Amino acid sequence: MSINWAQRKVEGKSFIERFTRKRFIHDGSDGSVYQWENKTTGELVAVKDSKPSRAHKNSNEIIRYLNVPAHENIIGFLGYLGVRDWTPAGPALIFEYCEYGDAYEYRHYMVRQEARVPEISIWKFMRDVSLGLDWIHNHCEHSYVLGDLKPENVLVFPEQDWDKQAPPLLPTFKICDFGRMEISDTVNKFNGTVEFGPPMAERNMVQTCKADVFSLGSTIQWLAFGVFPQMSNEEFIEYAKDKHARLITLSELRDNRREQWRVFIPPKYRPLNASMEEQREIWGLKYPQPPFSNLLNGWYKKLCEEDPAIRIGSDVLAEFFVPVADLEIERLKAARSLAAATGENQEAETIIVDEEDDVLTRGLGGIAL
Ligand SMILES: Nc1ncnc2c1ncn2[C@@H]1O[C@H](COP(=O)(O)OP(=O)(O)OP(=O)(O)O)[C@@H](O)[C@H]1O
Ligand SMILES: [Mg+2]
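Predicted, not measured: the structure shown is a model, and the values here were computed from it.

A. View of the overall build of the protein chain. Counting its regular elements, the protein chain contains 11 helices and 10 strands. Structurally, the protein chain occupies a C-alpha span of about 60 × 60 × 40 Å along its principal axes. Expressed as a percentage of the 369 residues in the protein chain, the buried residues total 41%.

B. Quick look at the UniProt feature "domain: Protein kinase" (unreviewed entry) in the protein chain. Following the UniProt record, the feature "domain: Protein kinase" (unreviewed entry) maps to residues 19–321 here. Along residues 19–321 one finds 34% helix and 14% strand; the C-alpha atoms at either end are 42 Å apart.

C. Just the site of ligand 1, in detail. The full set close to ligand 1 counts 20 residues, and His 26, Gly 28, Ala 46, Cys 98 and Asp 177 are the nearest of them. Every element with two or more residues in the shell around ligand 1 is listed here: strand 2 (19–27) and strand 4 (44–48). Considering only residue class, the shell around ligand 1 consists of 9 nonpolar, 6 polar and 5 charged.

D. The arrangement of the nonpolar core in detail. Residues Ile 94 and Ile 122 are the most contacted members of the largest nonpolar core, which totals 80 residues. Those residues within four positions of Ile 94 in sequence are excluded, and the remaining contacts are Val 10, Val 45, Val 47, Leu 78, Gly 79, Tyr 80 and Leu 81.

E. How the structure looks around the environment of Glu 159. Topologically, Glu 159 is positioned in the loop between strand 8 (154–157) and strand 9 (172–175). Owing to 12 C-beta atoms within 10 Å, Glu 159 belongs among the exposed residues under this scheme. Glu 159 sits 157 residues away from Val 316 along the chain, and the two C-alpha atoms are 26 Å apart. Each residue touching Glu 159, except ones within four places of it in the same chain, is listed here: Pro 168, Leu 170 and Pro 171.

F. Here's a closer look at the sheet that holds strand 2. Taken in spatial order, the 6 strands line up as 1-5-6-4-3-2 in an open sheet, and their pairing is mixed. Each edge of the open sheet is held by one strand with a lone partner, namely strand 1 (9–10) and strand 2. Two strands pair when backbone bridges link them, and strand 3 (residues 32–38) and strand 4 are joined in this way by 5 bridges, in the antiparallel orientation. Of the residues in strand 4, the one forming a bridge with Gln 35 is Ala 46. Set on the sheet, helix 2 (residues 55–67) makes contact with strand 4, strand 5 (77–81) and strand 6 (92–96); between it and strand 6 the angle comes to about 45 degrees.

G. Structural context of helix 2. Over its 13 residues, helix 2 extends 19 Å from the first C-alpha to the last, a length consistent with the 18 Å expected when each residue adds 1.5 Å. Here helix 2 has its buried residues at Asn 58, Glu 61, Ile 62, Arg 64 and Tyr 65. Here the buried residues of helix 2 occupy an arc of 160 degrees about the axis, which is enough to place them on one side. Residues of helix 2 that are buried make contact with strand 4, strand 5 and strand 6.

H. Quick look at the packing of helix 4 (residues 119–138) against helix 6 (residues 209–225). Orientation of helix 4 relative to helix 6, taken along the N-to-C sense of each, is 165 degrees, at an axis distance of 11 Å. In terms of orientation, helix 4 lies roughly antiparallel with respect to helix 6. By crossing handedness, the relation of helix 4 to helix 6 is classed as right-handed. Of helix 6, the residues touching helix 4 (which contributes Ile 122, Phe 125, Met 126, Val 129, Leu 133 and His 137) are Cys 209, Asp 212, Val 213, Leu 216, Ile 220, Leu 223 and Ala 224. Taken together, the residues that form the contact of helix 4 with helix 6 break down as 11 nonpolar, 1 polar and 1 charged.

Reading the values: the criteria
- Residues numbered from 1 in each chain as written.
- Chains lettered and ligands numbered in written order.
- Predicted model: local features only at pLDDT ≥ 70, side-chain atom pairs only at ≥ 80, totals over all residues.
- Helix = DSSP H or I, 4+ residues; strand = E, 2+ residues; numbered from the N terminus.
- Buried ≥ 20, exposed ≤ 12 C-beta atoms within 10 Å, placed from the backbone.
- UniProt positions renumbered as here; feature names shortened; annotations may be inferred.
- Near = placed C-beta within 6 Å.
- Nonpolar A, V, L, I, M, F, W, Y, C, P; charged D, E, K, R; others polar.
- Core = buried A, V, L, I, M, F, W, Y, C linked by C-beta atoms within 7 Å.
- Contact = placed C-beta atoms within 7 Å.
- Pairing = 2+ DSSP bridges.
- Axes fitted to C-alpha atoms, helices over the stretch in contact; angles between N-to-C directions.
- Expected span 1.5 Å × (residues − 1).
- Arc of directions from axis to C-beta.
- Parallel < 35°, antiparallel > 145°, perpendicular 65-115°, else oblique.
- Left-handed = near helix turned anticlockwise from the far one by under 90°.

Structure follows, in structure tokens:
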């Protein structure tokens, strides 16, 4: 027996009768995510529980999902289990299940397979997330600011004809986690993950949709280079000394001692089209990548504009960037097919990746330079 999701509120008893808990997915500060399977139909869903003291966060999130109509680039919200109706603590959110995981994991698999996230997949990521943002910013009852866009909050759904041999090149990317979503212009402070947050001045201002656009740029920088889109440790030490007369040592920025400083580290733009030498010498990247195209960089740069008044909006991205991305994706797809047929190296030179560093970043989103 399946559940009529159209009713949105699902009775705990009826859910337990039909579904069994299959697999743990994630344990977060506010609750956990598990995979559940329908006993008869095999339908898979993800259930996000609350921690008893954090139930209000899930309640807010449910209200947001109920107010945002379904969209291709936003995780499918199926329904919820009530506050008093779910153990250990309600309410819980029920989502379509994403087999492949989030964009953090996606980068990890891509780096193993192709040495980096290929340009074509970055176009697809920027295209899909732009459309998801445009939806919540401009097409719902209110204009919403997501407030916490980062790799872990974008899920990866492989394309229909995915052959499972390699990570999906052109998956559908969907925004998940409305846990920090607010109506635009109603909160006075950025409350998301600081590594992907807007410029410092904007963090203590009323939050607008432009903050999400900046976080999209930061997330793309992370996908491309695997580093936090912030000043490197050395740059931050100099900045703290010059601007705030504060002496910080490198060891204070490592491991759990970093916690006390991370909120103070400003974001940093790094161009995607810099040569490998420039990446190493000017941008301080330990593992340079063959440069991405000028065209991709031109659009990415518009996301990273310091001044929110000048920064591109998701409405403009949907109108003007998405058609360009669609054409570029087709062109790169054809070029990859041709290269595969002729046995040429498709996009990148081989890059040596330090596995140790990659593992160290789990849960934070990048290498601290
Ligand atoms: N529908 C889903 N299918 C598969 N995995 C999911 C799904 N929803 C969430 N996840 C995984 O669970 C993780 C946490 O989910 P989510 O971001 O909604 O919770 P959270 O409240 O942000 O957790 P945290 O407190 O750690 O920030 C995601 O980063 C993703 O890896
Ligand atoms: Mg999250």
